[in-house]
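Chain residues, written in single-letter form:
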Amino acid sequence: MLTAIIIAIILSVATFVMLIVDIVIPSPELSTAILIVFAITLIGWMYISYFLINQKRRELFSKKISQLDRSNEKLENLFVLLDYIEGRETNLEVVKISLNGIYFSPSSMRKHPEKAKKKELYNLLIEYYLTLTRDKYTESFVWDYNINFFTWKCIGIASCIGMMGISILMICHSYVPRPNEVLYTALYVVFGSLFVPLIAKFFGHFI
C-alpha cells in the first residue's frame, strides 16, 4: 500500500506540473494527457481510500468483537466464522453449519466456504454482527459505506465511469468538426448523473 501511495503522490505532482505548463503554453495534446493522468490518479486515490477505510473498519470490528462473550450461544456462528477467517478453525463442516445459520449468506459460500475470499467473509461477518446487536456504529460512516443501498464501492465505480465519460466527451468535442451539440449535451447529462450517488452520500454524511 505504501508503494501505491507513493505512486499516487508522484502522479498528483506530475498532473499539477503538467497543468501549470499547459496554462503557460496551451497545447491540446498536453490537455489530453493531463485528463488521462488525472483520471488514473483519481482512481488510484479512490482505491487507496477504499483500502484504508476497509482496514479501519476491520480494526474497529476486531476491537468490538474481542469484548464479546464467547460463551454466548447467540454468537456461536459469529465466532466460528471469525476463527475460520483468522485460521483457527479448519473444520469445513463446522464452518458450513455456521454459514447455514446465517440466513443471508450466499448459497455458493455455504457449499464451498474454502472458495470464498476472506474479504467477502469479513463483510458477511460484520453484517451478521450488526443483525445480532444494536451497535451504535450502524449509523456511522465507517460501518455503512458498503451496506447501504448506494455502497461506496458502487459509488466509486459510477463516479469513475462518469469522470472518464465526461473527459472523453471533452476531448471529442475539441477534435470533432461541427459536433452535434444536442447529442453532446445529452451525453454530458447522462455521465454527469453518475455523480448523483456521490453527492447524495456526501450531503448525507458530512453536511
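What counts, and where the lines are drawn
- Residues numbered from 1 in each chain as written.
- Predicted model: local features only at pLDDT ≥ 70, side-chain atom pairs only at ≥ 80, totals over all residues.
- Heavy atoms only, no water.
- Helix = DSSP H or I, 4+ residues; strand = E, 2+ residues; numbered from the N terminus.
- Buried < 20%, exposed > 50% of the residue type's maximum accessible area, 1.4 Å probe, protein only.
- Areas by Shrake-Rupley, 256 points an atom, 1.4 Å probe, with all protein chains shown as cover.
- Core = buried A, V, L, I, M, F, W, Y, C linked by side-chain atoms within 4.5 Å.
- Contact = heavy atoms within 4.5 Å.
- 1 Å grid on protein atoms, 1.4 Å probe; cavity = no way out; pocket = protein on both sides within 12 Å on 5 of 7 lines; lining within 4 Å.
- Points joined across faces, edges and corners; volume = space filled by probe spheres on them.
- Patch = residues over 30% accessible without salt bridge, like charges linked within 9 Å, V, L, I, M, F, W, Y side chains within 5 Å.
- Salt bridge = Lys/Arg side-chain N within 4 Å of Asp/Glu carboxyl O.
- Arc of directions from axis to C-beta.
- Polar contact = N/O pair within 3.5 Å; in protein donor to acceptor, adjacent residues only side chain to side chain.

Trainee: Looking at this structure, how should I read the overall build of the protein?
Mentor: Counting its regular elements, the protein contains 10 helices and zero strands. Mapped in sequence order, the helices and strands of the protein form the string α-α-α-α-α-α-α-α-α-α. Within the span of the protein, comprising 207 residues, buried residues form 32% of the whole. Working note: accessible area of the protein is about 13,000 Å², and carbon and sulfur atoms make up 68% of it.

Trainee: Could you clarify how one ought to interpret the nonpolar core in this entry?
Mentor: Taken as a class, soluble globular proteins show a tendency for nonpolar side chains to be buried jointly. Membership of the largest hydrophobic core comes to 23 residues, with the highest contact counts inside it found for Phe 61, Leu 78, Leu 81, Leu 121 and Leu 125. If near-sequence neighbours (up to four positions away) are discounted, Leu 125 is found in contact with Phe 61, Leu 78, Leu 81, Leu 82 and Ile 85.

Trainee: Help me out: how do you make sense of empty space enclosed by the protein in this one?
Mentor: In this approach, a probe sized like a water molecule rolls over the atoms, and the result shows the empty space that is left. With the rule as written, the count across this model stands at one cavity of 30 Å³ or more. Roughly 40 Å³ of internal volume is contained in the largest cavity. Along its surface, the largest cavity is lined by Asn 54, Arg 57, Arg 58, Lys 119, Tyr 122, Asn 123 and Ile 126. Going through the elements one at a time, helix H2 (28-65) and helix H6 (118-132) are the ones with two or more residues in the lining of the largest cavity. Broken down by element, the residue count for the lining of the largest cavity peaks at four residues, all from H6.

Trainee: Help me understand a nonpolar patch on the surface in this model?
Mentor: A contiguous nonpolar patch, built from Ile 9, Val 13, Phe 16, Val 17, Leu 19, Ile 20, Val 21, Ile 23, Val 24, Ile 25 and Trp 45 and spanning about 1,000 Å² of accessible area, is present on the exposed surface. The dominant element in the nonpolar patch, judged by the number of residues it contributes, is helix H1 (residues 2-24), at nine residues. Take Ile 9: it is sitting in helix H1. Using a relative accessible area of 42% as the deciding quantity, one classes Ile 9 as partly exposed.

Trainee: For this particular structure, what's the right way to read the environment of Tyr 84?
Mentor: Mapped onto the fold, Tyr 84 is located in helix H3 (residues 76-85). Its relative accessible area of 12% is what places Tyr 84 among the buried residues.

Trainee: Quick question: what am I supposed to make of the side chain of Thr 41 here?
Mentor: Along the chain, Thr 41 falls in helix H2. Beyond its immediate sequence surroundings of up to four residues, Thr 41 is in contact with Ala 8, Leu 11, Ser 12 and Thr 15.

Trainee: Help me out: how do you make sense of the side chain of Ser 159 in this one?
Mentor: Looking at where Ser 159 falls in the secondary structure, it is placed in helix H8 (residues 152-175). Note on Ser 159: relative accessible area 5%, which makes it buried. Residues in contact with Ser 159, not counting those within four places in the same chain, are Met 46, Leu 194, Phe 195 and Leu 198.

Trainee: Hey, could you run me through helix H4 (residues 92-100) in this one?
Mentor: Along an α-helix, a turn takes 3.6 residues, which lines up residues three or four apart on a common side. Taken residue by residue, H4 has Val 95, Ser 98 and Leu 99 as its buried positions. For H4, the angular spread of the buried residues around the axis is 100 degrees, confining them to a single face. Where the residues of H4 are buried, they touch H3, helix H5 (107-111) and H6. The N-cap residue of H4 is Asn 91: its side-chain oxygen and the backbone nitrogen of Glu 93 are 3.0 Å apart.

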